[in-house]
Amino acid sequence: MGIKTVAIHSDVDASSVHVKMADEAVCVGLAPTSKSYLNMDAIMEAIKKTRAQAVHPGYGFLSENKEFAKCLAAEDVIFIGPDTHAIQAMGDKIESKLLAKKAKVNTIPGFDGVVKDADEAVRIAREIGYPVMIKASAGGGGKGMRIAWNDEETRDGFRFSSQEAASSFGDDRLLIEKFIDNPRHIEIQVLGDKHGNALWLNERECSIQRRNQKVVEEAPSIFLDSETRRAMGEQAVALAKAVRYSSAGTVEFLVDSKKNFYFLEMNTRLQVEHPVTECITGLDLVQEMIRVAKGYPLRHKQADIPINGWAVECRVYAEDPYKSFGLPSIGRLSQYQEPIHLPGVRVDSGIQPGSDISIYYDPMISKLITYGSDRTEALKRMEDALDNYVIRGVTHNIALLREVIINSRFIEGDINTKFLSDVYPDGFKGHKLTENERNQLLAIASSLFVASQLRAQHFQEHENSRVPIIKPQVANWELSIKLHDEVHTVVASNSGPMFSVEVDGSKLNVTSTWNLASPLLSVNVDGTQRMIQCLSREAGGNMSIQFLGTVYKVHILTKLAAELNKFMLEKAAEDTSSILRSPMPGVVVAVSVQPGDMVAEGQEICVIEAMKMQNSMTAGKTGKVKSVHCKAGDTVGEGDLLVELE
């Protein structure tokens, strides 16, 4: 649009992508958000210093803060977002629900008013009937929300939610409403101007969530018919008009299996998942927000808003999906390559090779969006994009994302907000290999092993090494491969780039360029094209291969080495039931035990806050506390010892 931009950043974000892209940059403080991105005085100072005329607040931090919008208005700086009264009305879940009722929007039965204490919370919960949702009045992004199925959980929920709300929003007021079991989370994108016009830009299906935070989103929703879509769109616009809404905003609904929909909340900002709407409507939402803020009327009429094709977004996080569907992981990206060379792929990211993922901010690496003429094409493209995405240096959730989009229930559209816990009741365990896929993996691994051996042999022959090495040409390589504690015997032979591999009696032909330096390797196994990533190869025969999204550890030895390996001693595993280690990096908020205390299995020992979420750590067994290695305020790393039991 030809508009010059100023990026604000904290000290640790000095070399981040948004800073490099902007025309100017101003540091607004130290890493903790309260000292930088939430530091209104420093931000106002940066605005004055650079003489900025308008501010786009992004997705988080101050994007829904009415005080910030007021400060800007006082200085005659335009806030690229709605007016203060709309932020206030919709940002308060209590007020927004009353307004929604008045605007004839369907709402969830619940208690309208502020809950004073845990006793009152229990009384209200019983009146509404369990299950209930306890949530922060000023909240958003899944923070300060708890579901309670009984009185005890209501008391716990009241305590945790008010603490989380106070630390995330500086406001500990809570409200309680009926929890709709197994709902879908479907939201309507709205766009309003300062002249009283408002449009709905179709819906986004955001039901795949963990801890009330979205993981996979798509537009349109496979579940809605045109009548329900119109009804939801019209109610969303009615609400927007009731608060004289101008800018892009989102009205979130819970939809039950019978297509009854209930108003959840309105986000008075741009949503993280807005790209899927841009893909199917052709509108650039940020450009529209800037035009509206400048005072232009909307360029489109409701009849002009199409649904063209299908778009899917996966949130790629620096998280370990094997720990409760994603506990934060921190580290430096040693290698990073986005799959933007593929058709119909868009990547919105804020990082690059060498970037640090720190404990201070949300662990999102990027939003990966694919677009196709229909849902099948969009999902196929997503599968390819995930396979072609190179992320090294941090643990990431690509395995989980890929499993979700190929899951039969997901493909049929049979989803709700409990999808992950329903499909993976014992937690996520990675891709379950079929026998054919297992043989493909073993064939690829043995081909990689032989290719690297041949390369090493090649170097030895051509360099005048001091030790003369006589290497006979090996026709067949007999290998022993261990995968998931099962040992397989494999025989491999090669002619040029093609390997012929016999795995447990079945023969497979594997062809590739075998460029061992490339992070991505396209391999053809009996006519099936697979994109794999070899993450590590060690001299002792350990190899990590990302195959079908999941990382598999294989141990490959030649037949002779495997026979000798039987004489190696096994390392004894440590008894972990009596020690508590931190499952993730974070800050200790509270320690509730001291040496000498007796604790029961499952009892809370301490609370760790990581990336804006509070996590309760519990005892693995009943016993006496021997020693405590942390105190409130300590910063801990993953694997750090917290408490020992006798």
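Figured I'd write up the structure that's included with this text. Just so you know, these numbers come straight off a predicted model, no measurement behind them.

**Describing empty space enclosed by the protein**
Line of reasoning, step 1. Applying the stated criterion to the full structure yields 3 cavities of 30 Å³ or more.
Line of reasoning, step 2. A volume near 90 Å³ is recorded for the largest cavity.
Line of reasoning, step 3. Taken together, Lys143, Arg210, Arg211, Gln213, Glu319, Pro328, Asp362, Pro363, Ala610, Met611, Met613 and Asn615 make up the full set of residues lining the largest cavity.
Line of reasoning, step 4. Its residues assigned to classes, the lining of the largest cavity shows 5 nonpolar, 2 polar and 5 charged.
Line of reasoning, step 5. Each pocket or cavity is described by its volume, and for the second largest cavity that value is around 50 Å³.
Line of reasoning, step 6. Lys93, Ser96, Lys97, Lys135, Leu175, Glu177, Phe263 and Leu264 together form the lining of the second largest cavity.
Line of reasoning, step 7. Of all the secondary structure elements, the ones that give two or more residues to the lining of the second largest cavity are helix H5 (93-102), strand E8 (174-178) and strand E13 (261-267).
Line of reasoning, step 8. Considering each element in turn, the lining of the second largest cavity owes the most residues, 3 residues, to H5.
Line of reasoning, step 9. Grouping the constituent residues of the lining of the second largest cavity by class yields 3 nonpolar, 1 polar and 4 charged.

**As for the side chain of histidine 396**
Line of reasoning, step 1. Structurally, histidine 396 is set in the loop between strand E22 (390-392) and helix H12 (398-406).
Line of reasoning, step 2. Taking the relative accessible area as the measure of exposure, histidine 396 reaches 13% and is therefore buried.
Line of reasoning, step 3. A polar side-chain atom of histidine 396 sits 3.3 Å from the main-chain amide nitrogen of isoleucine 398.
Line of reasoning, step 4. Residues in contact with histidine 396, not counting those within four places in the same chain, are Tyr317, Glu319, Pro321, Ile365, Ile391 and Gln546.

**Re the environment of tryptophan 310**
Line of reasoning, step 1. For tryptophan 310, the position within the fold is in strand E14 (residues 310-317).
Line of reasoning, step 2. In this structure the C-alpha to C-alpha distance between tryptophan 310 and asparagine 202, which are 108 residues apart in sequence, comes to 12 Å.

**A word on the sheet that holds strand E38 (residues 641-645)**
Line of reasoning, step 1. Spatially, E31-E38-E36-E33 is the arrangement adopted by the 4 strands of the open sheet, whose pairing is antiparallel. In this open sheet, the two edge strands, each paired with only one partner strand, are strand E31 (579-581) and strand E33 (598-599).
Line of reasoning, step 2. Note that strand E36 (residues 623-628) and E38 share 3 bridges and pair antiparallel. The partner of valine 628 across the bridge, within E38, is valine 643.

**A look at the layout of surface pockets**
Empty space among the atoms can be located by rolling a probe the size of a water molecule over them.
Line of reasoning, step 1. When its volume is computed, the second largest pocket comes out at roughly 800 Å³.
Line of reasoning, step 2. Considering the residues around the second largest pocket, the lining is formed by 27 residues, among which Lys482, Val487, His555, Leu557 and Asn565 are closest to the centre.
Line of reasoning, step 3. Only strand E23 (477-483), strand E24 (486-495), strand E29 (542-547), strand E30 (550-558) and helix H16 (559-565) provide two or more residues apiece to the lining of the second largest pocket.
Line of reasoning, step 4. With 6 residues, the top contributor of residues to the lining of the second largest pocket is E30.
Line of reasoning, step 5. Its residues assigned to classes, the lining of the second largest pocket shows 11 nonpolar, 8 polar and 8 charged.

**Quick notes on the sheet that holds strand E19 (residues 345-349)**
Line of reasoning, step 1. Strand order in the open sheet formed by 8 strands is E13-E12-E9-E10-E11-E14-E21-E19, and the pairing between neighbours is antiparallel. The open sheet has two edge strands, E13 and E19, and neither has a second partner. Averaged over all pairs of adjacent strands, the angle between their axes in this sheet comes to 25 degrees, without regard to strand direction.
Line of reasoning, step 2. Pairing of strand E12 (residues 247-255) with E13 involves 6 bridges; the strand directions are antiparallel.

**A closer look at the pattern of salt bridges**
A side chain with one charge may pair with a side chain of the opposite charge, provided their charged atoms come close.
Line of reasoning, step 1. Using the criterion set out here, one finds 38 salt bridges in the structure.
Line of reasoning, step 2. Residues arginine 299 and glutamate 288 are paired through a salt bridge, measuring 2.8 Å at the closest nitrogen-oxygen approach. Of the two residues, arginine 299 is situated in the loop between helix H10 (285-294) and E14 and glutamate 288 in helix H10; the sequence distance between them amounts to 11 residues.
Line of reasoning, step 3. According to the relative accessible area criterion, glutamate 288 is buried, its value standing at 3%.
Line of reasoning, step 4. Note that lysine 323 is salt-bridged to glutamate 638, the shortest N-O span being 2.9 Å. Note that lysine 323 is positioned in the loop between strand E15 (319-320) and strand E16 (327-328) and glutamate 638 in the loop between strand E37 (635-636) and E38, a separation of 315 residues in sequence.
Line of reasoning, step 5. A relative accessible area of 48% places glutamate 638 in the partly exposed class.

What counts and what doesn't
Residues numbered from 1 in each chain as written. Predicted model: local features only at pLDDT ≥ 70, side-chain atom pairs only at ≥ 80, totals over all residues. Heavy atoms only, no water. 1 Å grid on protein atoms, 1.4 Å probe; cavity = no way out; pocket = protein on both sides within 12 Å on 5 of 7 lines; lining within 4 Å. Points joined across faces, edges and corners; volume = space filled by probe spheres on them. Nonpolar A, V, L, I, M, F, W, Y, C, P; charged D, E, K, R; others polar. Helix = DSSP H or I, 4+ residues; strand = E, 2+ residues; numbered from the N terminus. Buried < 20%, exposed > 50% of the residue type's maximum accessible area, 1.4 Å probe, protein only. Polar contact = N/O pair within 3.5 Å; in protein donor to acceptor, adjacent residues only side chain to side chain. Contact = heavy atoms within 4.5 Å. Pairing = 2+ DSSP bridges. Axes fitted to C-alpha atoms, helices over the stretch in contact; angles between N-to-C directions. Salt bridge = Lys/Arg side-chain N within 4 Å of Asp/Glu carboxyl O.

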